[in-house]
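Tertiary structure, described
One-letter residues, chain by chain:
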Amino acid sequence: MKNIIYTLTVIWAITACEDPFFEDDPTNDPVTNFDIMWSTMNDKYVYFDYKRIDWDSIRNVYRPQVRAGMSDQALFQLMETALNTLRDGHVNLRSEFDISFYDGFYKNYPENFNFQLLEKHYLGDYKITGSLVNTIIDSIGYIRYGSFVNPIRNEDLDFIIQRFKGLKGIIIDIRNNEGGDPANGFRFAKRIADKKRHIYTTKYKSGPGKNDFTEADEAFIGPTSEYPRFHQPVVLLTNRKTYSAANFFTATLKAFPHVTVMGDQTGGGGGAPVGWELPNGWFFNFSTSISYLPDGFFIEDGIPPDIRVEITENDLLTGKDTILESALSSFR
Amino acid sequence: MKIINVHFEKQLYCLGLLIFITVNSFAQQGTGNANHKNTPEKQRYLISSLTSKRLQLRDQHMSPVTYFGGIIAPGFGMLKRKEKFFSEFSLNLALGSIQAKNGTELRPMRGDYFRIDMQYSYLRFVKNIANQRFRWYVGGKLKSHANVRLNEQLDTGFITFIFTNGLSLSSALERDINLFGRKMTLSYQLDLPVVTHVIRPNYLNIYNYIDPENDWLEERLRDSDWLLPGKFTSINSQISLTYPIKAGNMVRLSYGWEYYSLNNKLKARNASHDIALALLFNF
């Protein structure tokens, strides 16, 4: 009996405390936070080779500048600078006082979009169906989708398809659309697809090794018998601020021969972003996948248009959206 | 980043196994009659319970630091006892919040925590031991466990989870004691896993949402693993005091300790201390 009591006591003593099985948390100091950011990126970020970035050298440059007593703002600025060497709009750092992000994909390029100009000279008495601005310009259907964050409902698409029935063509304007939920793009693309086609291929990072990737996943999309679709030729308008989910939407529509991409190159964003937390509660996002078109073209740095058109300063002064004008002309 | 003392954990599992064997060895040395005379022929109870859990959780998918939380878990179940065995089914749902120590109001490191545990145990009476004072049972347990955390501040990585389905070995000792003039039952039960099927997010805590035809569940099952102790170590230990009230009904007060760890690509640790109060309705 004594033995059993002893045994129970031992069991109680062992199981009443789990502390030995949890190692201590990493300390919350600038050096540890920088190191965890660096090593997480080192293990999981996907574009080092594609962008020819030596992440070790980035560490060699910035790690010595991290000091134990430095302020949060100084640490944030240092980490922001290190992360921006990746030239990736999906890489950002968030703290309670600032959010950093890379803006090089659009900042040094012509804007090629002005909604006020559109509204004043082209859109007329437009409708806003859910998240989709839509109107008819010279017997051409025009749809403006400003953000993939805003949901597209099947009912919205049904309404617009019905409204645009019999028109010569459709223009879909996703300039300045910086992304959101790709599922909205899939819902839209199914209404444009003529048949099921291979749209792009994706690989994810699957481990910390440089060559640890998942098997290539070929993505397909096609029409559904459930819903009506647009039967007209489509022109998709893009610019450098067409990013992330809008970039994927462009890649998707590029697979269809009756779609023409017009305007400027998209800004890119070809990796699915995911976020990670630091011991100090800051949070950073980064790309985890590479995607390429069926012909092997990587979409991370943007997708070139089929027809490149730019809006000049003079066009803006005369109230002309040259990209939209070119799209309208292509149907005449 | 290494966050877990794996070596120590293996020792824990071995120690648990040793205790399991030791308890059973002591039991085999007992002189008691193999016939279990203390339990009426057949008893059935519906169980309604409320558990207060204090947990700590370290999951590399979620954060490099440990999250803590207090959660409340209502549950129900059924207990069936016969002369030679007892079986128990239980379902517990838990809802609460977890947070890390470094969080602040402007920089919250917090999340919502949801958990479901469903288990069925079947233990057969082996013999009375230690001069008939203890009843010794051995059996197995099927256990499904799901815990999901939603950390809003983690953006696209805001959902992390662990789903496990497994088979465990169970051993229990029971003893009747007299307290306040009433006969009560004191029991201790220890569970150790044999094999466990574990479903987790992938290495990046992301699903392939850029493929319109991707099936989330299929993807998760593809990433799932059957794990043996060492890769998935789990120990459940529970001490209960069951007190008869009126009309054959009973009250059960339990203290439980649970620990599990996952040692594959992205590691996770979970430990909780539970205090549960259950009403057992005889029917």
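Residues numbered from 1 in each chain as written. Chains lettered and ligands numbered in written order. Predicted model: local features only at pLDDT ≥ 70, side-chain atom pairs only at ≥ 80, totals over all residues. Heavy atoms only, no water.

1. Looking at the overall build of chain B
If you tally the helices and strands in chain B, you get 2 helices and 11 strands. The secondary structure elements of chain B, listed N-terminal to C-terminal, are α-β-β-β-β-β-β-β-α-β-β-β-β. Within the span of chain B, comprising 283 residues, buried residues form 54% of the whole. For chain B, the accessible surface area stands at approximately 12,700 Å², while carbon and sulfur atoms represent 60% of it. (Helix = DSSP H or I, 4+ residues; strand = E, 2+ residues; numbered from the N terminus. Buried < 20%, exposed > 50% of the residue type's maximum accessible area, 1.4 Å probe, protein only. Areas by Shrake-Rupley, 256 points an atom, 1.4 Å probe, with all protein chains shown as cover.)

2. Remarks on the interface of chain B and chain A
Listed per partner, the contact involves 61 residues of chain B and 61 residues of chain A. Taken together, the two surfaces of chain B and chain A that pack against each other cover about 5,200 Å², and 64% of this comes from carbon and sulfur. Considering only the side of chain B, the residues that lose the most area to chain A are Tyr203, Leu204 and Ile210 of chain B, jointly responsible for 15% of the buried surface there. Close ionic contact of arginine 107 of chain B with aspartate 72 of chain A constitutes a salt bridge, the shortest N to O distance being 3.9 Å. Connecting chain B to chain A are 14 residue pairs in polar contact (both at pLDDT 80 or more). When residues of the side of chain B that touches chain A are traced back to their parent elements, those giving at least two are α1 (6-29), β1 (42-59), β6 (159-179), β9 (232-244), β10 (250-262) and β11 (268-282) of chain B. Across the side of chain B that touches chain A, the residue classes break down as 35 nonpolar, 15 polar and 11 charged. (Contact = heavy atoms within 4.5 Å. Buried area = accessible area lost by both parts, 1.4 Å probe. Salt bridge = Lys/Arg side-chain N within 4 Å of Asp/Glu carboxyl O. Polar contact = N/O pair within 3.5 Å; in protein donor to acceptor, adjacent residues only side chain to side chain. Nonpolar A, V, L, I, M, F, W, Y, C, P; charged D, E, K, R; others polar.)

3. Considerations on helix α6 (residues 154-163) of chain A
All names here are of chain A. The set of residues buried in α6 consists of Asn154, Asp156, Leu157, Ile160 and Ile161. Considered in projection along α6, the buried side chains sweep an arc of 155° and stay on one side of the axis. Exposed and facing more than 90 degrees away from the buried side of α6 are Glu155 and Gln162. Structurally, α6 contributes buried residues whose contacts are with β3 (127-129), β4 (132-137), β5 (140-145) and α7 (182-189). (Arc of directions from axis to C-beta.)

4. Section: the nonpolar core
Within soluble globular proteins, side chains that are nonpolar generally end up buried alongside one another. Residues and elements named next belong to chain A. Judged by nonpolar contacts, the single largest core of 76 residues is most densely connected at Met41, Ile172, Phe188 and Phe249. With residues near it in sequence (within four places) discarded, phenylalanine 188 still touches Leu132, Ile143, Ile152, Leu157, Ile172, Phe230 and Phe249. Among the nonpolar cores identified, the runner-up in size contains 20 residues, and Leu118, Leu237, Met262 and Ile323 belong to it. (Core = buried A, V, L, I, M, F, W, Y, C linked by side-chain atoms within 4.5 Å.)

5. Observations concerning the pairing of strand β5 (residues 134-150) of chain B
Every other side chain in a regular strand lies on the same face of the sheet, so the side chains alternate between the two faces. All names here are of chain B. Bridge analysis of strand β4 (residues 110-129) against β5 gives 17 bridges, and the strand direction is antiparallel. Note that in β5 the partner of phenylalanine 114 across the bridge is valine 148. Hairpin connection between β4 and β5: a loop of 4 residues separates the two successive antiparallel strands, and alanine 130 in this loop has a positive phi of roughly 50°. Looking at chain direction, β5 and β6 are connected through 17 bridges and run antiparallel. Bridge assignment links tryptophan 136 to a residue of β6, and that residue is leucine 173. (Pairing = 2+ DSSP bridges.)

6. What about the pairing of β1 of chain B?
Residues and elements named next belong to chain B. Sheet topology places β1 next to strand β2 (residues 67-82); 16 bridges connect them, and they run antiparallel. Residue pairing across strands places arginine 44 opposite lysine 80, the latter belonging to β2. Pairing of β1 with β11 involves 15 bridges; the strand directions are antiparallel. Counterpart to leucine 46 in the pairing with β11 is phenylalanine 281.

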